[in-house]
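Overview (structure and organization)
For reference, the chains in residue letters:
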Amino acid sequence: GNHTQPTFILLGITDAPWAQAPLFGLFLLIYVITLVGNIGLMVVVWVTPSLHTPMYFFLTHFSLADACYSTVISPKMLTGLLFGNKTISWAGCVAQFHLFALFATAECHLLAAMAYDRHVAVCHPLSYVTAMSPRACWQLVACSYLVASLSALIYTGCTFRGSFCGPRRVDHFFCDASPVLRLACSDTRGAEAAIFALAAANALGTAAVILLSYGRILRAVLGLRSAPGRARAFRTCASHVVSVSVFYGSLLFMYLQPASWHGSRDKVASVFYTVVSPMLNPFIYGLRNKEVKAALGKSRRRM
């Protein structure tokens with residue numbers, strides 16, 4: 001039983017006693033801002049009829065995924081920093097990794113759907129209403145979650161299918177594939193290859209859609225004669241580009257490298273896409289967006 005369902009110990013971000021309290025305060029603040037920002041953005045979109053458009057429909061699901069996978073990671077990390085309780089059961093480790101993989105993969109596909117939406121809006125404005133109908137939007141979101149669910153099942157199966165022995169100390173602040181696989185007794189090369197291939201298919205496939213969409217957007221915008229029109233088109237896409245850069249930069253660094261290259265730098269990259277990126281997205285999409293700021297102003301005046 002101990003070999004198949006052990007209790008793991010998450011070593012956390014650092015083992016320095018003097019750093020536990022400052023890190024707890026910092027990450028608690030980030031987590032609260034993440035929840036308030038993402039849930040607040042969803043509520044503003046839901047209660048404002050002028051924001052009931054495809055772009056904001058995708059944005060609410062993106063904020064939901066942000067809030068969910070941040071919640072999967074942060075509470076356990078905060079508990080370890082505050083109380084020093086860094087143990088996690090086998091079932092808890094499986095559940096944490098599975099939910100993290102599901103929402104992180106869903107975000108990749110939602111970002112691709114948002115890029116496609118911007119491509120249609122800029123390059124094919126006359127057919128935008130038909131191409132991005134409510135049914136089409138729901139189909140894109142449903143496909144994102146379906147692909148993410150199937151991918152998460154495969155990731156989880158590859159990571160936890162073997163037996164675990166020896167020291168059960170996971171050198172990370174959450175149960176991720178690479179640090180967990182290092183504790184396996186059996187040969188993990190096949191599992192690592194499968195995870196790498198599927199992660200590459202998800203990350204590079206959605207990145208290709210995003211790059212292709214923005215390549216066509218850039219060509220269409222540069223062809224506009226009106227300077228205000230070009231500025232408006234760039235402003236429409238700027239928030240999405242910033243979010244994609246932060247999320248994909250750390251994600252690609254983390255998962256598209258050979259297993260032998262993984263080390264302490266993984267924790268830094270993981271902090272960016274599990275903690276920092278979900279906090280920044282409401283500011284990137286909300287405070288830089290005139291429509292959202294106008295809706296917030298109206299809500300504040302009504303309150």
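About the cut-offs
- Residues numbered from 1 in each chain as written.
- Predicted model: local features only at pLDDT ≥ 70, side-chain atom pairs only at ≥ 80, totals over all residues.
- Heavy atoms only, no water.
- UniProt positions renumbered as here; feature names shortened; annotations may be inferred.
- Helix = DSSP H or I, 4+ residues; strand = E, 2+ residues; numbered from the N terminus.
- Pairing = 2+ DSSP bridges.
- Patch = residues over 30% accessible without salt bridge, like charges linked within 9 Å, V, L, I, M, F, W, Y side chains within 5 Å.
- Areas by Shrake-Rupley, 256 points an atom, 1.4 Å probe, with all protein chains shown as cover.
- Salt bridge = Lys/Arg side-chain N within 4 Å of Asp/Glu carboxyl O.
- Buried < 20%, exposed > 50% of the residue type's maximum accessible area, 1.4 Å probe, protein only.
- 1 Å grid on protein atoms, 1.4 Å probe; cavity = no way out; pocket = protein on both sides within 12 Å on 5 of 7 lines; lining within 4 Å.
- Points joined across faces, edges and corners; volume = space filled by probe spheres on them.
- Nonpolar A, V, L, I, M, F, W, Y, C, P; charged D, E, K, R; others polar.
- Contact = heavy atoms within 4.5 Å.
- Disulfide = S-S within 2.5 Å.

1. Quick notes on the UniProt feature "transmembrane region" (unreviewed entry) in the protein
- The UniProt entry lists residues 23–48, 55–74, 94–116, 136–155, 193–212, 233–256 and 268–287 under the feature "transmembrane region" (unreviewed entry), expressed in the numbering used here.
- Secondary structure across residues 94–116 divides into 100% helix and 0% strand, with the first and last C-alpha atoms of the span separated by 33 Å.

2. Re the sheet that holds strand β2 (residues 87–88)
- As summarised here, the arrangement of the three strands in space is β2-β1-β3, forming an open sheet in which the pairing is mixed. Of all strands in the sheet, those with a lone pairing partner are β2 and β3 (169–170), marking the two edges.
- Pairing of strand β1 (residues 8–10) with β2, which is carried by two bridges, proceeds in the antiparallel orientation. Along β2, the bridge assignment pairs Ile9 with Thr87.

3. As for a nonpolar patch on the surface
- A cluster of nonpolar side chains, contributed by Ile39, Val43, Trp46 and Val47, occupies part of the molecular surface with about 380 Å² of accessible area.
- With respect to the secondary-structure elements, Trp46 resides in helix α1 (residues 17–47).
- Trp46 sits in the exposed class, given a relative accessible area of 54%.

4. Quick look at empty space enclosed by the protein
- Using the criterion set out here, one finds two cavities of 30 Å³ or more in the structure.
- Taken as a whole, the second largest cavity encloses approximately 100 Å³ of empty space.
- As for the second largest cavity, its lining consists of Leu10, Leu11, Gly12, Ile13, Lys76, Met77, Gly80, Leu81, Asn85, Lys86 and Phe173.
- Examining the composition of the lining of the second largest cavity, we find that four residues originate from one element, helix α2 (residues 54–83), more than from any other.
- Class assignment of the residues belonging to the lining of the second largest cavity gives a composition of six nonpolar, three polar and two charged.

5. Details of the environment of Val32
- The residue Val32 is located in helix α1 in this model.
- Judged by relative accessible area, which is 41%, Val32 ranks as partly exposed.
- Sequence separation between Val32 and Met279 is 247 residues, and the spatial gap between their C-alpha atoms is 8.8 Å.

6. Here's the deal with the side chain of Ser213
- Inspection of the secondary structure assignment puts Ser213 in helix α7 (residues 189–222).
- Discounting residues that sit within four places of it in the chain, Ser213 has contacts with Ala115, Tyr116 and His119.

7. Concerning the state of the cysteines
- By the definition in use, this model includes one disulfide.
- One disulfide bridge connects Cys93 with Cys175, the sulfur atoms lying 2.0 Å from each other. Across the S-S bond linking Cys93 and Cys175, the dihedral sits near -120°, which makes this disulfide left-handed. You can see Cys93 sitting in helix α3 (residues 90–123) and its partner Cys175 sitting in the loop between β3 and α6 (177–181), a full 82 residues away along the chain. Of the two residues, Cys93 and Cys175, both sit in the buried class.

8. Observations regarding the pattern of salt bridges
- Scanning the entire structure with this criterion turns up two salt bridges.
- The partner of Arg118 in a salt bridge is Asp117, and the shortest N-O contact between them spans 2.8 Å.
- By relative accessible area, which is 8% here, Arg118 ends up buried.
- A salt bridge links Arg189 to Asp187, with the shortest nitrogen-to-oxygen separation between them at 3.0 Å. There is no split in this pair, since Arg189 and Asp187 are both exposed.

9. Focus on the environment of Ala203
- Of note, Ala203 is situated in helix α7.
- With relative accessibility at 7%, the residue Ala203 sits in the buried group.
- Sequence spacing of Ala203 and Cys108 is 95 residues, and the spatial spacing of their C-alpha atoms is 6.7 Å.

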